[in-house]
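Residue-level listing of the chains:
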Amino acid sequence: MPFLIAPSILSADFLNLERDIEMLNRNDAADWLHLDLMDGVFVPNISIGFPTVAQLTKISKKPVEAHLMFVEPQRFITRFRDFGVSTLSVHYEACEHLYRVISEVRVAGMSPGVAINPHTPVELLDDILEEIDLVIVMSVNPGFGGQKFIPRALDKIRRLRRMIDSRGLRTLIEVDGGVTLDNSRQVIEAGADVLVVGNAVFGSNNPEEMIRKFKCGF
Ligand code: DX5
Ligand code: ZN
């Protein structure tokens, strides 16, 4: 079954980000560029800021998806639209008025996505699923790259797959956190459409080759 690979540059070499984006640009196995944005409040870490996002989106030839680990993400929707971001994902746990935020992302011309933390049941998306293009199932606690995959996520992916298929929706399931060559097959078989790969790629000796292995590995 076809699936997409979305490399996250969180574990990339920050002294050579341009080199890494160019590697993704010429790599057919890389489908999207996954940008992790953190505010130090919703998650206990801060990653990159707007000036960096502006430069990365300028040189990326792959569609850019932004994963906002922010409180009050609605404050920044138009900034991301102006950067040319294709998919904007906000956290379920960070939005009191999720429906409104998603509608604003859509009106701004981007595809809305919703990310759920490991403790959040997929069933809580029941009344919003029709409105979104992507669900990010977090398979680690958000905030850091290079963490260990939480196996319970597999069951969540299967349940979400059933919810989506039983209604004939085209919402994509993206799995984010701790994806490795050892577990990627299980994740895809559980029903994922998009794999986020961070440390497994950028922590390896040959990131370019590693992305191809994820795409063709089985
Ligand atoms: C975690 C981020 C992930 C992370 C994935 O907060 O949302 O996108 O960078 O990286 P790995 O693959 O290293 O878990
Ligand atoms: Zn992410």
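As the structure is a computational prediction, the values presented were derived from the model and not from experiment.

**A closer look at the coordination of the zinc ion (ligand 2)**
Between any two of four tetrahedral donors, the ideal angle at the metal is 109.5 degrees; between two of six octahedral donors, it is 90 or 180 degrees. Within the protein, the atoms that donate to the zinc ion (ligand 2) are His34 (NE2), Asp36 (OD), His67 (ND1) and Asp176 (OD), at distances of 2.0 to 2.3 Å. For the zinc ion (ligand 2), the six donor atoms are set out with angles of 70 to 169 degrees between them, so the coordination reads as octahedral. Mapped onto the sequence, the donors of the zinc ion (ligand 2) take the spacing H-x1-D-x30-H-x108-D. On the criterion of sequence distance, the pair formed by Asp36 in strand E2 (residues 33-38) and Asp176 in strand E7 (residues 172-176) is long-range, its members being 140 residues apart. The two residues Asp36 and Asp176 agree in class, both being buried.

**Quick word on the environment of Phe3**
Here Phe3 is to be found in the segment before strand E1 (4-7). Residues Phe3 and Leu172, spaced 169 residues apart in sequence, show a C-alpha to C-alpha distance of 9.8 Å.

**Describing the side chain of Arg159**
Turning to its location among the elements, Arg159 is positioned in helix H5 (residues 153-166). Classification of Arg159 as buried rests on a relative accessible area of 17%. If we skip the residues at most four places from it in the chain, Arg159 touches Pro121, Val122, Glu123 and Arg152.

**Some remarks on the packing of helix H1 (residues 17-25) against helix H2 (residues 50-59)**
Between H1 and H2, whose axes approach to 10 Å, the crossing angle comes to 35 degrees. The handedness of the crossing between H1 and H2 is right-handed. Here H1 contributes Leu17, Glu18, Ile21 and Asn25 to the contact with H2, which in turn contributes Thr52, Leu56 and Ile59.

**Observations regarding the pattern of salt bridges**
Within this structure, the stated rule accounts for 17 salt bridges. Across the pair Asp155 and Arg152 runs a salt bridge, and its minimum N-O distance is 3.6 Å. For Asp155, a relative accessible area of 27% puts it in the partly exposed group. For Arg152, a relative accessible area of 54% gives the class exposed. Here Asp193 ties to Arg161 by a salt bridge, and the two come within 3.1 Å at their closest N and O atoms. Of the two residues, Asp193 sits in the loop between helix H6 (184-190) and strand E8 (194-197) while Arg161 sits in helix H5, which places them 32 residues apart along the sequence. Note on Arg161: relative accessible area 18%, which makes it buried. Connected through shared salt-bridge partners, Arg26, Glu208, Glu209 and Arg212 make up one network.

**Focus: the environment of Glu174**
Among the secondary structure elements, Glu174 is positioned in strand E7. Judged by its relative accessible area of 0%, Glu174 falls in the buried class. Considering only alpha carbons, one finds Glu174 and Glu104, 70 residues apart in sequence, at a separation of 21 Å. The residues contacting Glu174, other than those within four sequence positions of it, are Ala6, Trp32, His34, Glu65, Leu134, Val135, Ile136, Val137, Val194 and Val196.

**Considerations on the site of ligand 1**
In the vicinity of ligand 1, 19 residues are found, and the nearest of them are Asp36, Gly143, Gly146, Asp176 and Gly178. In the environment of ligand 1, an oxygen atom lies 3.3 Å from a nitrogen or oxygen atom belonging to the side chain of His34. Asp176 is positioned such that a nitrogen or oxygen atom in its side chain is 2.6 Å from an oxygen atom of ligand 1. Here ligand 1, which alone exposes 380 Å², has 99% of that area covered by the protein. Secondary structure elements with two or more residues in the shell around ligand 1: E2, strand E3 (64-69) and E8. Counted by class, the shell around ligand 1 contains seven nonpolar, ten polar and two charged residues.

Definitions and cut-offs
Residues numbered from 1 in each chain as written. Chains lettered and ligands numbered in written order. Predicted model: local features only at pLDDT ≥ 70, side-chain atom pairs only at ≥ 80, totals over all residues. Heavy atoms only, no water. Donors = N, O, S within 2.8 Å, 3.2 Å for Na, K, Ca; no water. Tetrahedral: all angles 85-135°; square planar, octahedral: opposite > 155°, others 65-115°. Helix = DSSP H or I, 4+ residues; strand = E, 2+ residues; numbered from the N terminus. Buried < 20%, exposed > 50% of the residue type's maximum accessible area, 1.4 Å probe, protein only. Contact = heavy atoms within 4.5 Å. Axes fitted to C-alpha atoms, helices over the stretch in contact; angles between N-to-C directions. Left-handed = near helix turned anticlockwise from the far one by under 90°. Salt bridge = Lys/Arg side-chain N within 4 Å of Asp/Glu carboxyl O. Near = heavy atom within 4 Å. Polar contact = N/O pair within 3.5 Å; in protein donor to acceptor, adjacent residues only side chain to side chain. Areas by Shrake-Rupley, 256 points an atom, 1.4 Å probe, with all protein chains shown as cover. Nonpolar A, V, L, I, M, F, W, Y, C, P; charged D, E, K, R; others polar.

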